[in-house]
Amino acid sequence: MYSFPASEARQRWSDLLDHAHREPVGITIRGREQVVVLDADLAHRALAALDDAIDRAAVDAVRAELEDDPETLPLADVARELGIELD
């Protein structure tokens, strides 16, 4: 990843934006990375992937919890007890 000191980023904002369309650009203050500027499409895809990963982890946690619960019954068993036909 390319990096710009904040003072240089202010002076060369147009160059920074051009570079950010090709790859993420880190902005540093006193040598420490503070923020990253990246192409909007890449940011949206990355955030969507992160949301998907969080959702999958939540589903996996619930499934694991249900598998460990001795009172959990399969849907087919509950439907049969209630006289409901599943398609």
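Here, the structure is the one placed above.
Residues numbered from 1 in each chain as written. Predicted model: local features only at pLDDT ≥ 70, side-chain atom pairs only at ≥ 80, totals over all residues. Heavy atoms only, no water.

Positive phi, normally seen in glycine, also occurs at R30, with a value near 55 degrees. On the secondary structure map, R30 appears in the loop between β2 (25-29) and β3 (32-37). (Helix = DSSP H or I, 4+ residues; strand = E, 2+ residues; numbered from the N terminus.)

On to a nonpolar patch on the surface. Among the surface-exposed residues, L73, L75, V78, L82, I84 and L86 lie close enough to one another that they form a single nonpolar patch of about 580 Å² accessible area. Note on placement: L82 falls in helix α4 (residues 75-82). L82 sits in the exposed class, given a relative accessible area of 60%. (Patch = residues over 30% accessible without salt bridge, like charges linked within 9 Å, V, L, I, M, F, W, Y side chains within 5 Å. Areas by Shrake-Rupley, 256 points an atom, 1.4 Å probe, with all protein chains shown as cover. Salt bridge = Lys/Arg side-chain N within 4 Å of Asp/Glu carboxyl O. Buried < 20%, exposed > 50% of the residue type's maximum accessible area, 1.4 Å probe, protein only.)

The biggest cluster of nonpolar side chains holds eight residues, and these are F4, A6, A9, L16, A20, V25, I27 and V37. For this core, the secondary-structure elements that each account for two or more residues are α1 (6-11), α2 (13-22) and β2. Apart from the residues within four sequence positions on either side, V25 is in contact with M1, Y2, F4, L16, H19, A20, V35, V36 and V37. (Core = buried A, V, L, I, M, F, W, Y, C linked by side-chain atoms within 4.5 Å. Contact = heavy atoms within 4.5 Å.)

A separate point is the sheet that holds β2. Across the sheet, three strands lie side by side as β1-β2-β3; this open sheet has mixed pairing. Edge positions in the open sheet fall to β1 (2-5) and β3, since each of these has one partner strand only. For this sheet, the mean inter-axis angle between neighbouring strands, taken without regard to orientation, is 35 degrees. Sheet topology places β1 next to β2; four bridges connect them, and they run parallel. Looking at β2, one finds that Y2 is bridged to V25. Sheet strands touched by α2: β1, β2 and β3. Its angle to β2, the strand with the most contacts, is close to 135 degrees. (Pairing = 2+ DSSP bridges. Axes fitted to C-alpha atoms, helices over the stretch in contact; angles between N-to-C directions.)

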